Structures are given as structure tokens and as C-alpha cells.
Amino acid sequence: MKKIWITGAEGHIGTALLELLEGVEYQLLPTDIHEVDITKIDEVTQFVYVNRPDVIINCAGLTDVRACEEKPEEAYKINAIGARNLAVAARRIDAKLIQISTDDVFDGDDDAALCEFDDAHPTTMYGKSKYAGEKLVRELTDKHVIVRSSWLYGVGSYDFVDRVLDNAKKDGKVVLPEDEISSPTSADALAGFIECLMHTREFGLYHASCDGSCSRAEWAREILRLNGMDNIPVISAAENTELRPRFTLLDNMMLRITGLYQMPDWKTALADYFSTKKGGAHK
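Residues numbered from 1 in each chain as written. Predicted model: local features only at pLDDT ≥ 70, side-chain atom pairs only at ≥ 80, totals over all residues. Heavy atoms only, no water.

We now examine the nonpolar core. Judged by nonpolar contacts, the single largest core of 56 residues is most densely connected at Ile57, Phe193 and Trp219. With nine residues, helix H7 (residues 187–198) is the single largest residue contributor to this core. Not counting residues within four places of it along the chain, the set of residues in contact with isoleucine 57 comprises Ile4, Trp5, Ile6, Thr7, Leu17, Ile98, Ile194 and Met198. If you look at the next biggest cluster of nonpolar residues, it comprises 20 residues, including Trp5, Leu29, Ala89 and Ala90. (Core = buried A, V, L, I, M, F, W, Y, C linked by side-chain atoms within 4.5 Å. Buried < 20%, exposed > 50% of the residue type's maximum accessible area, 1.4 Å probe, protein only. Helix = DSSP H or I, 4+ residues; strand = E, 2+ residues; numbered from the N terminus. Contact = heavy atoms within 4.5 Å.)

Shown next as C-alpha cells:
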């Protein structure tokens, strides 16, 4: 029975993975900061030597963009040093490390979709710290897969989808930028790809976002439509207030050329999220 250590198990991807893998032929080892603090090498080392996981999936991270800007050392401690500690531990026990990363490693200045062979140029502290984590993983263990995704939402924690619905109910409107472009990706869809990776001998860098693209405002309109709230206006913000790059649409080139996996369309995944995780659309 394959042992799977999931760090950051209480977040979006961790929660989705636990729901997907529970009851299957795996021994799941879910932890969050209360059980194992990945920034502390002694805790990480002790955990891997006691439990000997076959696969380590690092879902832990400081993902609050504003918090990363305000506390850059904390961002690097969690997003870079935490990844380093897991990479060192994975190499020592010959485990496969799956590191979750982000589209924010790109600067967002161009209008073309970005593939795995495009150079990263992060401009935000969140993007810089996550990219530092990527580089450390590459340097410290051969058996790794870095998975970049975009605009994640789903079970596990409060997110953009919840915020849109709450603002619509509270204010009777939603104000969002029309010029921030990427692809909403459900945690469930990404978890499916991660499970696939667990069984392959694929290594390296993969982009894994849902197919298609939209702006933040377009995403909000679809969220409202699926919840029977089409009458709520989505107003274009005068400027981008999200502290995120403007255009970070990911091209899943490696998925296409390896034929490894097909991510769903973002609208289909969003509809599935509301039907399966919310018990139907909110009214």
C-alpha cells in the first residue's frame, strides 16, 4: 500500500486530495502546521523517518498575496524553506515530491499563454517566494514534479468564489478588474491530475490549469449565474486591486505533448463544484 504524505492538508488541494483518495488503496498521512511545521527541518526529518512515505505532496504555503508583501521573510520561510526541507527529506528516503506552485511566478506583462518552457519573472512577493521554492526543489531532489496552477478554488478554505457570493448578497454588486486574465481551476480538477502523477514516472515541470480563460469579472459573472444571481451587477474596477500579475494564463503544453492528462474546461469544473460540493447552486 502506497504511503502518501499530504502537507497543508487543510487547504484547498489538501482537502480535495483527501476526499479523492480516501477509501482507495493508499495509506494517507495528512498533516498541517499543527502536526508538522514544514519550516522546521527537524520536524520534517523525524516525520519522514518514522512514516517513510512513498510520495510527498506539498500543498502547504502562504498564499495570501497581501500577507506575503507585508511579511516577506515569512513568505520565504514557508514557501521556499518549507519546500527545501521537504526536498531534502524526500531525497533521503527516495520519495517522489510533488510541489504545488502558481501562475504568479510570471510577471503578467505579455498577452500570450505561458508554457513550461517560458522563463519565469515573478514581480510579487508571493510569486518570488514560490519560485524560490521551485528552484530549491529542482536543486535538491531528482524525483520531483512541480505543478503550477492558477486561480485555485474549492473545498477547504474561504476563497474568491465565497467572496463573490458574500459581496453580492451584502452589497448587491461585485466590483472586479476586467483586465486580470487567467483560468479558474477547481481543487477537485487539480487533485485528479495529482493522483495521476502519483502513478507515473514523470518528473519535471507541469502546468495544470483548467482549459479556457477569463477575467476576474467574467469569472464572477459565471459564479453568480450558476447561483441564480444573474441580476447582481459585476462592475469593472477602475484599477487592479488584487496585487496579482495582469495576464498569467497557463498553457498546459507538457500535458498535451506527453498525453498524460486532460484538464476540464473552467466553466464545466465550476458547475461541477457547485453541484457536487455545495449540494446544488445557492439560491
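Closest axis-to-axis distance for the helix H1 (residues 12–21)/H7 pair is 9 Å, and the angle between their directions is 65°. H1 and H7 meet at a crossing whose hand is right-handed. Only Ala187, Asp188, Leu190, Ala191, Gly192, Ile194, Glu195 and Met198 of H7 make contact with H1, whose side of the interface consists of His12, Ile13, Ala16, Leu17, Leu20 and Leu21. By residue class, the composition of the contact of H1 with H7 is ten nonpolar, two polar and two charged. (Axes fitted to C-alpha atoms, helices over the stretch in contact; angles between N-to-C directions. Left-handed = near helix turned anticlockwise from the far one by under 90°. Nonpolar A, V, L, I, M, F, W, Y, C, P; charged D, E, K, R; others polar.)

A few words now on unusual backbone geometry. Within the chain, aspartate 94 stands out as a residue other than glycine whose phi angle is a positive 60°. Non-glycine residue tryptophan 151 carries a positive phi angle of around 45°. With respect to the helices, strands and loops of the structure, tryptophan 151 is situated in the loop between strand E5 (144–149) and strand E6 (152–153). A relative accessible area of 7% places tryptophan 151 in the buried class.

So, on to a negative patch on the surface. Together, Asp109, Asp110, Asp118 and Asp119 line one region of the surface with negative charge. Residue placement: aspartate 110 occurs in the loop between strand E4 (96–102) and helix H5 (125–140). (Patch = residues over 30% accessible without salt bridge, like charges linked within 9 Å, V, L, I, M, F, W, Y side chains within 5 Å. Areas by Shrake-Rupley, 256 points an atom, 1.4 Å probe, with all protein chains shown as cover. Salt bridge = Lys/Arg side-chain N within 4 Å of Asp/Glu carboxyl O. Lys, Arg positive; Asp, Glu negative; His and termini not counted. Charge placed at Lys NZ, Arg CZ, Asp CG, Glu CD.)

Right, let's get into the sheet that holds E5. In spatial order, the strands read E2-E1-E3-E4-E5-E10; together these six strands make up an open sheet with parallel pairing. What marks the edges here is a single partner per strand, and that holds for strand E2 (26–31) and strand E10 (204–207). Geometrically, the sheet is characterised by an average inter-axis angle of 20° between neighbouring strands, direction not taken into account. Together, strand E1 (2–7), E2 and strand E3 (55–58) form the strand contacts of helix H2 (residues 41–51), whose direction differs from that of E1 by roughly 160°. (Pairing = 2+ DSSP bridges.)

Relative orientation of the contacting elements H2 and helix H4 (residues 72–93) amounts to 30°, with a least axis distance of 9 Å. Judged by the inter-axis angle, H2 sits roughly parallel to H4. Judged by the sense of rotation from one axis to the other, the crossing of H2 with H4 is right-handed. In this structure, H2 contributes Ile41, Val44, Thr45, Val48 and Tyr49 to the contact, and H4 contributes Asn85, Leu86, Ala89, Arg92 and Ile93. Residues belonging to the contact of H2 with H4 are distributed by class as follows: seven nonpolar, two polar and one charged. (Parallel < 35°, antiparallel > 145°, perpendicular 65-115°, else oblique.)

All right, on to the pattern of salt bridges then. One pass over the full model with this rule turns up nine salt bridges. In this structure, arginine 216 and glutamate 180 form a salt bridge, with 3.2 Å as the shortest nitrogen-oxygen distance. Placement of the pair is arginine 216 in helix H8 (residues 216–226) and glutamate 180 in the loop between strand E7 (174–176) and strand E8 (181–182), with a sequence separation of 36 residues. Among the salt bridges present, the one from arginine 225 reaches glutamate 222, with a minimum N-O distance of 2.7 Å. Taken as a pair, arginine 225 and glutamate 222 lie in helix H8 at a separation of three residues, close to a single helical turn. Taking relative accessible area as the criterion, arginine 225 reaches 44% and is therefore assigned partly exposed. Among the charged side chains, a network of salt bridges with common partners joins Glu134, Arg138 and Arg148.

Moving on, we come to the environment of tyrosine 76. Within the fold, tyrosine 76 resides in helix H4. Taking relative accessible area as the criterion, tyrosine 76 reaches 32% and is therefore assigned partly exposed. The spatial distance from the C-alpha of tyrosine 76 to the C-alpha of lysine 128 is 8.3 Å, given a sequence separation of 52 residues. Residues contacting tyrosine 76, with those up to four places away along its chain left out, are Ile81, Met125, Lys128, Ser129 and Ala132.

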